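# Secondary and tertiary structure notes
The residues making up each chain are set out below.
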Amino acid sequence: MRIRDNAINGVTALFAEIVAPEISEAPTTLGQSGKAGIIKSCLDQGGIQATISTDASWSNDTASFQFRLAREPAAIAFPQDKDQVAVALECARNASIKVSAIGRAHSFQGYGYGNPGNLVIDMQAFTDLSFNNFTNQLTFGGGANVGPAAKYLWDNYRRHFPHVRGSHVGLAGSTMGGGFGTTSRFLGIPTDNLASIEYMLYNGSVVTAGPGSDLLWAAQGAGPSFGIVLSATLNTHEVPIDGAISYSLALGDVEVDAASTALLKIQKWVTSGQAPDELSLRFSLGNFASAGFFYGAEAEFDQALEPLVESLRSIAPAANLTKTVLPSFWDSEVAATGAGMNDPTGGQLGGRASLVQSWTVTSDNALSLKQAKALLQSYHSLNRTDIVGSGFLDLWGGISRNITDSDTAFAHGKNLWLIRVDGVANSGVWPSDGSAYMQALLEPFESSLKKSAPLRSFVNYVNSELSVKEWSSRLYGKNFAKLQKIKTGVDPKGLFSGYGLAIPAK
Ligand SMILES: Cc1cc2nc3c(=O)[nH]c(=O)nc-3n(C[C@H](O)[C@H](O)[C@H](O)COP(=O)(O)OP(=O)(O)OC[C@H]3O[C@@H](n4cnc5c(N)ncnc54)[C@H](O)[C@@H]3O)c2cc1C
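Rules used in this analysis
Residues numbered from 1 in each chain as written. Predicted model: local features only at pLDDT ≥ 70, side-chain atom pairs only at ≥ 80, totals over all residues. Heavy atoms only, no water. Axes fitted to C-alpha atoms, helices over the stretch in contact; angles between N-to-C directions. Helix = DSSP H or I, 4+ residues; strand = E, 2+ residues; numbered from the N terminus. Parallel < 35°, antiparallel > 145°, perpendicular 65-115°, else oblique. Contact = heavy atoms within 4.5 Å. UniProt positions renumbered as here; feature names shortened; annotations may be inferred. 1 Å grid on protein atoms, 1.4 Å probe; cavity = no way out; pocket = protein on both sides within 12 Å on 5 of 7 lines; lining within 4 Å. Points joined across faces, edges and corners; volume = space filled by probe spheres on them. Pairing = 2+ DSSP bridges. Near = heavy atom within 4 Å. Polar contact = N/O pair within 3.5 Å; in protein donor to acceptor, adjacent residues only side chain to side chain. Areas by Shrake-Rupley, 256 points an atom, 1.4 Å probe, with all protein chains shown as cover. Nonpolar A, V, L, I, M, F, W, Y, C, P; charged D, E, K, R; others polar. Phe/Tyr/Trp six-rings, centres within 6.5 Å; stacked < 30°, edge-to-face > 60°. Buried < 20%, exposed > 50% of the residue type's maximum accessible area, 1.4 Å probe, protein only. Lys NZ or Arg CZ within 6 Å of the ring centre and 35° of its normal. pLDDT = per-residue confidence, 0-100. Salt bridge = Lys/Arg side-chain N within 4 Å of Asp/Glu carboxyl O. Disulfide = S-S within 2.5 Å.

This next bit is on the packing of helix H5 (residues 146-157) against helix H12 (residues 329-337). Look at H5 against H12: their axes get within 11 Å of each other, and the N-to-C directions meet at 170°. Classified by the interaxial angle, the pair formed by H5 and H12 is roughly antiparallel. Residues Ala150, Lys151 and Trp154 of H5 lie in contact with H12, whose contacting residues are Phe329, Trp330 and Glu333.

So, about the UniProt feature "domain: FAD-binding PCMH-type" (unreviewed entry) in the chain. Summarizing the sequence annotation, UniProt attributes the feature "domain: FAD-binding PCMH-type" (unreviewed entry) to residues 69-239 in the numbering used throughout. Taken end to end, residues 69-239 comprises 28% helix and 23% strand; its first and last C-alpha atoms sit 39 Å apart.

Turning next to the layout of surface pockets. Within this model, the second largest pocket holds a volume of roughly 470 Å³. Lining the second largest pocket are 24 residues, with Thr362, Asp405, Gly413, Pro454 and Arg456 positioned closest to its centre. Sorting the residues of the lining of the second largest pocket by element identifies strand E15 (354-362) and helix H15 (468-476) as the ones contributing at least two each. Examining the composition of the lining of the second largest pocket, we find that four residues originate from one element, E15, more than from any other.

Pairing is antiparallel in the open sheet, where seven strands are placed in the order E14-E11-E13-E12-E16-E17-E15. Single-partner strands in this sheet number two, and they are strand E14 (320-326) and E15. Averaged over all pairs of adjacent strands, the angle between strand axes in this sheet comes to 15°, irrespective of strand direction. Note that strand E11 (residues 244-250) and strand E13 (residues 290-294) share five bridges and pair antiparallel. Paired with Tyr247 across the strands is Gly292, a residue of E13. Contacting E11, E13 and E14, H12 crosses the sheet at an angle of about 155° to E13.

This next bit is on the site of the ligand. Every one of the 29 residues lining the ligand counts as a neighbour, but Ala101, Gly103, Ala105, Arg165 and Val229 are closest to it. Here an oxygen atom of the ligand sits 2.7 Å away from a polar atom, N or O, in the main chain of Gly103. Backbone polar atom of Gly173 to an oxygen atom of the ligand: 3.4 Å apart, as the coordinates give it. Here the ligand has 960 Å² of accessible area as a free molecule, and 93% of this is covered by the chains. Of all the elements in the fold, those that place two or more residues in the shell around the ligand are strand E4 (99-102), helix H6 (171-176) and strand E10 (228-235). It is H6 that contributes the most residues to the shell around the ligand, three residues altogether. Broken down by class, the residue content of the shell around the ligand amounts to 16 nonpolar, 11 polar and two charged.

Two aromatic rings are characterised by how far apart their centres lie and by the angle between their planes. If you walk through the whole model with that rule in mind, you get 20 aromatic pairs. A centroid spacing of 5.7 Å and a plane angle of 80° characterise the contact between Phe65 and Phe108, whose relative ring orientation is edge-to-face. In this pair, Phe65 is assigned in the loop between helix H3 (58-61) and strand E3 (75-77) and Phe108 in the loop between E4 and strand E5 (119-122), connecting sequence segments 43 residues apart. On the accessibility criterion, Phe108 (14% relative accessible area) is buried. Ring centres of Phe294 and Phe301 lie 5.8 Å apart, and the angle between their planes is 40°; this geometry places the pair in the tilted category. Like Phe294, the residue Phe301 is buried in the burial classification. Every member of this aromatic cluster is reached through a ring pair, and the members are Phe65, Phe108, Phe180, Trp396, Phe410, Phe458 and Tyr461. Over the ring of Tyr437 we find Arg384, and its NZ or CZ is 4.7 Å from the ring centre. Above the face of the Tyr461 ring, Arg420 is positioned so that its terminal group lies 4.3 Å from the ring centre.

Looking at the chain as a whole, its pLDDT mean stands at 94, while 93% of the residues score no less than 70. Looking at the elements of the chain, mean pLDDT is at its lowest for helix H1 (residues 11-17), recorded as 32, and at its highest for E10, recorded as 99. In this model residues 1-29 is a low-confidence stretch, pLDDT under 50, and it forms 72 contacts with partners more than four residues away in sequence or in other chains.

Looking now at the environment of His106. Note that His106 resides in the loop between E4 and E5. Its relative accessible area of 15% is what places His106 among the buried residues. As for His106 and Gly170, which are separated by 64 residues in sequence, their C-alpha atoms are 7.2 Å apart. Residue contacts for His106: discarding those within four places in its chain leaves Phe65, His168, Val169, Gly170, Gln348 and Leu349.

Quick look at the pattern of salt bridges now. Per the stated rule, a full pass over the model turns up 17 salt bridges. We note a salt bridge from Asp422 to Arg420, for which the minimum N-O separation is 2.8 Å. Exposure class is identical for Asp422 and Arg420. Each is buried. For Glu446, the salt bridge identified is with Arg474, shortest N-O distance 3.3 Å. Separated by 28 residues along the polypeptide, Glu446 in helix H14 (residues 434-450) and Arg474 in helix H15 bring together distant segments of the chain. Each member of the pair, Glu446 as well as Arg474, is classed as buried. Each member of the salt-bridge network shares a partner with another, and the members are Arg165, Arg282 and Asp394.

Looking now at the state of the cysteines. For the structure on display, the rule yields one disulfide. Put simply, Cys42 and Cys91 are joined by a disulfide, and their sulfur atoms are 2.1 Å apart. Looking down the S-S bond of the Cys42 and Cys91 bridge, the torsion is -80°, so its handedness is left-handed. Of this pair, Cys42 sits in helix H2 (residues 32-45) while Cys91 sits in helix H4 (residues 82-94), placing them 49 residues apart in sequence. The exposure class assigned to Cys42 is partly exposed, which follows from its relative accessible area of 23%. The class of Cys91 is buried, set by a relative accessible area of 2%.

This is the structure:
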């Protein structure tokens, strides 16, 4: 197996660089256990550490944040370098089984382990980090996680990249799926900051997709469909000040109607240009309080929030703003992302049995009062003892005003709100009717949203129960046809199609 590194600038160039396919089709009638034996012996012969379901470490090897979904891969391979990834892919091709990569196993939809019978490539050995002083870009291994990468960058270079609010979360997975975080309103989402990506493709060839290439564009929202990410490079930023304000804006004891009106007041404050981009705001569906961070001077924060608090008091007289001045930017990183930010491994995996649903709303079709009420009412109608709700609206806006849907595969131009609702099992075991229940619960909101614009969603928080037709239009919109074309060219045998969001070839 030959491995090469090539810089490419488009799919046409990519085709020219790929070594000839070496796919030999094995009979497909074997069951999963037969396939597991075949793939294990191939991996053993290649000197690659691997486990199958009869191994003692299996439950540990298949640990996942999401408990709702079974993990039933044929085998898990633990390659130590690129050559071993190439051999693992060859084993999978020869056994005619699909491949998925597991980063840090935080997918709410269990996409890393993918469909039953996959060969899962565990990227835990790929955690290298490096910084280029000339380009100010961070390069990270395909198995690196958020906390250690952010800390490395801050401690050594006093720089930052926008990232998710989970220190143990995988950086490759979260970046390809959006990655919205507390600095995303002024620095963009991680997807926007992806500068290049190094893939191993289905046939073992290695390509680096750079600016302007179709493959980088496709990775920005649909990355796991195209190959194994060996490493990726992110733009990094200086922060406005080395400090931040952490705040909470409570409404007091209000009902759904008043809270919906308050939410619209917040929206108006944003759309009329009064909310600074350096502010993050998360409106909780549970208690209707907003909370977040401001990455600037305290006086600017006070000035910006004053008119908002005043207008909220006209609806909720007890509305109350509290703030804490954090002495360093890193304090805000730990407050937003968790104590694992200071842990060399990013902390612990954790987990739950849950169903996530999400919607995005653009500034062209901002929430109406009717829609806001439908959302809050739907959420507060949850009436189960075995499921608890968790839900919020993250204020987006900010520099997304300059983004168009076709800039990246994930259509997120002019996004104004990122809305997320989770149903979480009380006992750790997901009830058999739980997914149907949670979807029916939010149906009134969804149908109200649909009346003003086509539904949109967020890759990392997509509802795993949607059909291809539904998720393709909600996540990718008009970009989907181009994505399918790229998939056909880059992964012609569908080696990386063994998971719920795999882009179908055209
Ligand atoms: C506690 C927690 C907090 C979170 N906070 C946020 C948040 O604030 N904002 C946000 O946007 N999301 C958030 N998420 C969602 C999270 O960003 C995504 O689920 C992300 O995809 C997880 O990446 P992972 O590597 O940990 O997961 P995995 O399950 O390992 O991987 C997720 C997907 O990426 C693919 N993948 C991972 N590594 C590679 C690779 N090297 N090559 C090819 N494909 C790869 C997998 O195949 C899979 O499809 C959070 C999740 C959790 C559990």
